[in-house]
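Each chain, written out:
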Amino acid sequence: MPADRLAIAPEVADALRDGRPVVALESTLISHGLPYPQNVEVATGSEAAVRSSGAVPATVALNGGRLLVGLSRDQLETLATAPRGSVIKASRPNLGFAIASGGWGATTVAATMIAAHAVGIEVFATGGIGGVHMGAIDGEAPSFDISADLDELARTPVAVVCAGPKAILDVPRTLEYLETRGVPVVALGVVEVPGFYSRASGIPAPTSVADIPAAARVIRAHEAMGLGSGLVICNPVPEADALPLDVARAAISRALEEAAAEGVTGGAVTPFLLARVASITNGASVKANIALIQDNARVAGLLAGELARGS
């Protein structure tokens, strides 16, 4: 990527130059996920969680025709308070358009991975990855809706720490798609794929490791083999904030039925489902979501530190 399309914050540039651990963070939760001021609180809390683990946070966004790798507090506030609809939600398909627009853009998992890899950041923390939407493959859904995150994981060698695929997705088919595309899915400290809002999903993890040093060894071995893809490192939501699996499943099932009844399609599906699940669970899903975002940032910082020490 041309250097004039990147603006790396001085703290991030210094850490990368010195070989110190850095963790990339996405910005769609700031512009498209949470209301102000909660979006700022969660974003700064995630940065603080990375720092608590001994790493440097690099929240990624777009402005002025450049990818910003590391936001100042003023930049973060500007993004957080921008009018809804004025910030482009940037992924690989529209990244060039977002850069050319010159305005603010927030990065999805895919776009954040692109920026991280461009500057040499090995670890990225997010809430949950996108995936195959319910009914997208069997034709029940009105569109063939598969997130660009999955192909980005297949082509961009960044380790993504998350709580698994978002629970509103078709998780088994998301895992099958990742397997087909050669993307390792590694559960951290558990034997099932985390259920996003829940610690378990009932779905056995393709692979699992006991702890962060073991995860770092997997990443280094994967890299050494020249396999070229990213990795999904699944960290379950903290137990104190987790929803029981049956509660989460019931809320998601009801939200999906309501979306179908109201004819919600395309890009409107995910925000509709998340909002309805939040309402159905009386805000418990939001509490779990915030907790897992910040815990993933903490774990990503520890993992980046382990990698920087030469695992």
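Residue indices follow the written sequence of each chain, beginning from 1 at its first position. Side-chain atom pairs in this predicted model are given and counted only at pLDDT of 80 or more, local residue features only at pLDDT of at least 70, and totals for whole chains, interfaces and linings cover all residues. Hydrogens and waters are ignored; side-chain quantities use all the structure's heavy atoms.

Only DSSP runs of H or I reaching four residues or more are called helices, and only runs of E reaching two or more are called strands; each is numbered from the N terminus. When its secondary structure is counted, the chain shows 12 helices and 11 strands. For 311 residues, the compact-globule estimate of 2.2 N^0.38 gives 19 Å, and the chain sits close to it at 18 Å. Counting only C-alpha atoms and orienting by the principal axes, one finds that the chain spans roughly 50 × 45 × 35 Å. Each residue's exposure class comes from its accessible area (1.4 Å probe, protein chains only) as a fraction of the maximum for that residue type: buried when under 20%, exposed when over 50%, partly exposed otherwise. Within the chain, the proportion of its 311 residues that are buried is 54%. Radius of gyration here uses only the C-alpha atoms, and the compact-globule reference equals 2.2 Å multiplied by the residue count raised to the power 0.38.

Only Phe, Tyr and Trp rings are paired, with Trp represented by its six-membered ring, and only when their centres lie within 6.5 Å; those with planes under 30 degrees apart are stacked, over 60 edge-to-face, the remainder tilted. In total, this model carries one aromatic pair according to the counting rule given. Seen in terms of ring centroids, F196 and Y197 are 4.9 Å apart; in terms of plane orientation they differ by 70 degrees. Their pairing is edge-to-face. A single burial state applies to F196 and to Y197, both of which are buried.

Summarising the element assignment, R173 is placed in helix 8 (residues 171-180). In this structure R173 comes out as partly exposed when scored by relative accessible area, which is 28%.

We count a salt bridge whenever a side-chain nitrogen from Lys or Arg sits within 4 Å of a carboxyl oxygen from Asp or Glu. Tallied over the full model, the rule gives 15 salt bridges. With a shortest N-O distance of 2.6 Å, R92 and E152 are connected by a salt bridge. Of this pair, R92 sits in the loop between strand 5 (88-90) and helix 5 (95-101) while E152 sits in helix 7 (residues 148-155); the two residues are 60 residues apart in sequence, bridging distant segments of the chain. Between R220 and E122 there is a salt bridge; the shortest N-O distance is 2.7 Å. Taken together, the residues R220 in helix 9 (residues 212-224) and E122 in the loop between helix 6 (109-119) and strand 7 (123-125) connect sequence positions 98 residues apart. One connected set of salt bridges, linked through shared partners, spans D14, R17, D18 and R20.

In these notes, a set of buried Ala, Val, Leu, Ile, Met, Phe, Trp, Tyr and Cys residues joined through side-chain atoms within 4.5 Å is what counts as a nonpolar core. Counting residues in each nonpolar core, the largest one holds 47 residues, and the members touching the most others are L67, V69, I121, I129, L153, L178 and V232. Residue contributions to this core peak at seven residues, all from helix 6. Between two residues, a contact is recorded if the distance between any of their heavy atoms is within 4.5 Å. Ignoring anything within four residues of it in the chain, the contact list for V232 reads I129, L153, V160, C162, L178, V183, P184, V185 and V186. In this structure, L76, L79, A167 and V269 belong to the second largest nonpolar core, which totals 39 residues.

The convention used is that axes are lines fitted to C-alpha atoms, helices contributing only their stretch in contact, and that angles between N-to-C directions extend from 0 to 180 degrees. In the contact formed by helix 10 (residues 245-262) and helix 11 (residues 269-280), the axes pass within 9 Å of each other and the chain directions differ by 130 degrees. With respect to their mutual orientation, helix 10 and helix 11 come out oblique. Crossing geometry of helix 10 relative to helix 11 is assigned as right-handed. Residues A251, I252, R254, A255, L256, E258, A259 and E262 of helix 10 lie in contact with helix 11, whose contacting residues are F272, L273, R276, V277 and I280. Here the contact of helix 10 with helix 11 is built from residues that sort into nine nonpolar, no polar and four charged. When describing relative orientation, an angle under 35 degrees is termed roughly parallel and one over 145 degrees roughly antiparallel, while 65 to 115 degrees is termed roughly perpendicular and anything else oblique. Crossings are sorted by hand: turned counterclockwise from the far helix by less than a right angle, the near helix makes the crossing left-handed, and turned clockwise it makes it right-handed. All residues other than Ala, Val, Leu, Ile, Met, Phe, Trp, Tyr, Cys, Pro, Asp, Glu, Lys and Arg, Gly among them, are scored as polar; the first ten of these are nonpolar and the last four charged.

With that out of the way, let us pick up the environment of V299. With respect to the helices, strands and loops of the structure, V299 is situated in helix 12 (residues 284-308). Spatially, the C-alpha atom of V299 lies 35 Å from that of V264, the residues being 35 residues apart in sequence. Ignoring anything within four residues of it in the chain, the contact list for V299 reads V161, L188, I212 and N235.

Here we come to the side chain of S198. Relative to the assigned elements, S198 resides in the loop between strand 9 (185-188) and strand 10 (207-209). Aside from chain neighbours lying at most four places away, what touches S198 is V237, A242, L243, P244, L245 and A248.

What follows deals with unusual backbone geometry. Backbone torsion omega between Y36 and P37 reads 5 degrees, so that peptide bond is classified as cis. A positive phi angle, near 65 degrees, is found at F196, a position not held by glycine. Residue position: F196 is located in the loop between strand 9 and strand 10. With phi around 55 degrees, N282 is a residue other than glycine that occupies positive phi space. Along the chain, the position of N282 falls in the loop between helix 11 and helix 12. Of the residues examined, N282 reaches a relative accessible area of 74% and is grouped as exposed.

Structural measurements only, silent on function.
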